[in-house]
Amino acid sequence: MKRLLTMAAATAFTLALTAQIGTRFPSERKVIKDPKTGVELVFLTSKSGTGDSKIYQTHNQWTSDGKWVVFRSNRVRGEAMAVNEETGDIVQVTEGGFTGMLCVARHSMNLYIMRQAKDKNGERAGMEVVEINLEKLFADSEAGKLKKKDAYERLCGVIPKEMCSEGDMALDGSEQSVYFRLDKEYARKMPIAEPIAPNFGPRNMGAGPGGIGKMDLKTGKSEPVVAVHFKVGHIQGNPWHPGEVIFCWETGGKAPTRAWICNADGTELRPIYRETENDWVTHEAVISEDEVVLAIIGHRPINKGEQKKIDGLESFATSNDWGPSGTKEYATGIAVVNLRTRELTLEGQVPGDNFWHVAGSQDGHWVAGDDFARELWVIDRHTGERILLSAGHKTTARDHVHPTFKPDGTEIEIQSAMLSEDGRSMNICIVRMPQYLLDRYKK
């Protein structure tokens, strides 16, 4: 009997590892009240050891019908999942793996992914960009009539290997093209306006050149957009302004100038915010047609060299190689930059701590941020009031809550280990904006 049980468990484990696209998993949905604030928390996943994490806060998280949240998970290693907010049903939405960002369309029920292409000899042959029809997939999955993955996938094209070998990707606002990082050697052959930058900071990152390319999702044609003098990090398209690309200079910490913008034809390249040597800018995200939110953090001691351990990354907080940046001797907090007027508005700083990852509602009423204590705050952009929404969201030492507003502004998605048995495994959680806050600005 024991042998049979062991064999059954092994079979179930094997099936979990090899599950096809559309495979359904039981609901783990749990609704609780935040122990500190009383705000409603909807944990859409709640198991330990499943490797759940949300899409990065620069990207859309919800399907266009507002019903499903797409996320990364190791329920099936290397594949992505979607969870229904109301039923808790979990559905596998990729098969064959993906790399980099998951791009969830806002105007169709499509998901766009990137994965390594192989030639007939199994050698790397570029990066595939694949469109997945989630509407058809969800319907067939619910009906129990799943087909092979080709019924749900469309190969948009293959980016040549000399152009791209990394999986970061962003969807243009038109949803007719995607952006990707150009390989350094490819960018080196393109015109670059500034002298090539060396590494910056103690992590020895940030050296150029770098660049951005784009693929037409209908024709599969790939072409360069722009080359720059630094290492390009996260890329995002402006969902409300087609042809506008936002990206960052990635150093692993403070950058000389973090956030950048250009057009899809490479014109009008410029910094979004021309920071000083005292500013430590990070985690920029487009929140409306004309606005980018970013964090200006003050996590380092004002007295240079004073020891302060943050998340086990002592060099991050104390190394003099970062320069004089990142202290509260200067203005810090959540900031919003208007892309048209170029004006920066400092919305506020969390008391006694620092905002780290930031977001904003597209209606212009709220910004949100997590702090180093894994608390989630919102700020009323009209009054400046700071409101603690939720606390106690343990995460891994190198990760955070990463808030993202739902497009209608009623919810914020985060990742949290609050319910995990091991206190580390993250789950997907929805924080409901309290009704009294939503009522403030009802039309």
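Everything numeric here is computed off the predicted structure, so don't read it as measured data.

Visitor: Even after reading the chapter, I still don't get the overall build of the chain, so can you show me in this structure?
Guide: What the chain contains, in helices and strands, is five helices and 30 strands. For 443 residues, the compact-globule estimate of 2.2 N^0.38 gives 22 Å, and the C-alpha radius of gyration of the chain, at 22 Å, lies within 12% of that figure. Projected onto its principal axes, the C-alpha positions of the chain cover 65 × 55 × 50 Å. In the chain, which comprises 443 residues, the share counted as buried stands at 58%. The positive charge centre, built from 56 side chains, and the negative charge centre, built from 61, are 4 Å apart in the chain.

Visitor: Hey, could you run me through the packing of aromatic side chains in this one?
Guide: Geometrically, a pair of aromatic rings is defined through the distance of the ring centres and the angle of the planes. Under the definition given, this model contains seven aromatic pairs. Plain terms: the ring middles of W68 and F138 are 3.9 Å apart, the flat faces sit at 10° to each other, and that makes the pair stacked. Of the two residues, W68 is situated in strand β5 (residues 68-73) and F138 in helix α2 (residues 134-143); the sequence distance between them amounts to 70 residues. Comparing W68 with F138, the two get one shared label, buried. When the ring of F230 is compared with that of W249, the centres are 4.7 Å apart and the planes differ by 10°; the resulting orientation is stacked. A residue pair is termed long-range when its members are at least 10 positions apart, and F230 in strand β15 (residues 222-230) and W249 in strand β17 (residues 244-249) qualify at 19 residues. Note on accessibility: F230 and W249 belong to one class, buried. Ring pairs connect the aromatic residues F230, F247, W249 and W260, which therefore count as one cluster.

Visitor: What am I meant to see in the environment of I297 here?
Guide: If you trace the backbone, I297 turns up in the loop between β21 (291-296) and α4 (314-318). Residue I297 is classed as buried on the basis of its relative accessible area of 1%. In the structure, I297 is positioned 52 residues away from Q349 in sequence and 8.8 Å away in space, judged by C-alpha atoms. With residues near it in sequence (within four places) discarded, I297 still touches W280, T282, G326, T327, T332, N354, F355 and W356.

Visitor: Can you help me understand empty space enclosed by the protein in this one?
Guide: Where empty space is left can be seen by rolling a probe of water-molecule size over the atoms. This structure, assessed with the given rule, holds one cavity of 30 Å³ or more. Estimates place the volume of the largest cavity at around 400 Å³. Lining the largest cavity are 29 residues, and of these T58, H59, N60, R106 and P239 lie nearest its centre. Among the elements that line the lining of the largest cavity, the one with the most residues is strand β20 (residues 281-288), at three residues. Class assignment of the residues belonging to the lining of the largest cavity gives a composition of 14 nonpolar, 11 polar and four charged.

Visitor: Whenever I open this one, α2 confuses me. Can you help?
Guide: It helps to recall that an α-helix has 3.6 residues per turn; residues three or four apart then point in one direction. Of all the residues in α2, the buried ones are L134, L137, F138, D140 and S141. Those residues of α2 that are buried lie in contact with β1 (24-25), β5, β6 (79-84), β7 (90-92), β9 (110-118) and β10 (124-133). The N-terminus of α2 is capped by N133, whose side-chain oxygen sits 3.2 Å from the backbone nitrogen of E135. Where α2 terminates, the next one or two residues include G144, which has phi positive at roughly 70°.

Visitor: Which parts of the structure should I look at to understand the sheet that holds strand β25 (residues 366-371)?
Guide: The strands that make up a sheet pair up through hydrogen bonds in the backbone, lying either parallel or antiparallel. The strand order across the open sheet built from four strands is β24-β25-β26-β27, with neighbouring strands paired in antiparallel fashion. In this open sheet, the two strands that pair with only one neighbour each are β24 (355-360) and β27 (386-390). Strand after strand, the sheet turns through a mean of 30° between neighbouring axes, direction not considered. Taken together, the four bridges between strand β26 (residues 376-380) and β27 define a ladder with antiparallel strand orientation. Note on β27: the bridge partner recorded for V378 is I387.

Visitor: Would you take a moment to explain the environment of T251 for this structure?
Guide: Within the secondary structure, T251 is located in the loop between β17 and β18 (259-263). Distance from T251 to Q176, taken between C-alpha atoms, is 31 Å for residues 75 residues apart in sequence. With near-sequence residues (within four places) excluded, T251 lies in contact with F200, R203, M205, G206, P256 and W322. At 3.1 Å, the side chain of T251 forms a polar contact with the backbone nitrogen of G253. Looking at T251, its side chain comes within polar contact range of the main-chain oxygen of K254, at 2.8 Å.

Conventions we followed
Within any chain, residue numbers begin from 1 and follow the written order of that chain's sequence. Note on the predicted model: pLDDT of at least 70 is required for a residue's local features to be given, and 80 or more for side-chain atom pairs to be given and counted; whole-chain, interface and lining totals, by contrast, use all residues. Water and hydrogen atoms play no part in the side-chain values, which are based on all heavy atoms of the structure. Helix and strand assignments come from DSSP, with helices taken as H or I runs of at least 4 residues and strands as E runs of at least 2, each series counted from the N terminus. Values of the radius of gyration come from C-alpha atoms, whereas the globule rule sets the reference at 2.2 Å times the count of residues to the power 0.38. Here the term buried applies to any residue with accessible area under 20% of the maximum for its type, exposed to any over 50%, and partly exposed to those in between, with areas from a 1.4 Å probe on protein chains only. The charge count includes Lys and Arg as positive and Asp and Glu as negative, but it does not include His or the ends of the chains. For the purpose of locating charges, the reference atoms are NZ of Lys, CZ of Arg, CG of Asp and CD of Glu. Here a Phe, Tyr or Trp ring, Trp counted by its six-membered ring, pairs with any other such ring whose centre lies within 6.5 Å, and the pair is stacked when the planes are under 30 degrees apart, edge-to-face when over 60, and tilted otherwise. Any pair of residues with heavy atoms lying within 4.5 Å of one another is described as a contacting pair. Both cavities and pockets are sets of points on a 1 Å grid over the protein atoms alone; in a cavity a 1.4 Å probe fits but cannot get out, in a pocket the set is open with protein on both sides within 12 Å along at least five of seven lines, and lining residues sit with an atom within 4 Å of a point. Grid points are joined across faces, edges and corners, and a volume is the space filled by probe spheres set on the points. Only Asp, Glu, Lys and Arg are considered charged, only Ala, Val, Leu, Ile, Met, Phe, Trp, Tyr, Cys and Pro nonpolar, and every remaining residue, Gly among them, polar. The term polar contact refers here to a pair of N or O atoms within 3.5 Å; inside protein, the definition further demands a hydrogen-donor-capable atom paired with an acceptor-capable atom, and it admits residues adjacent in sequence only when both atoms are side-chain atoms. In this scheme, strands are said to pair when DSSP sees at least two bridges between them. Throughout, an axis means a line fitted to C-alpha atoms (over the contacting stretch in the case of helices), and angles, computed between N-to-C directions, take values from 0 to 180 degrees.

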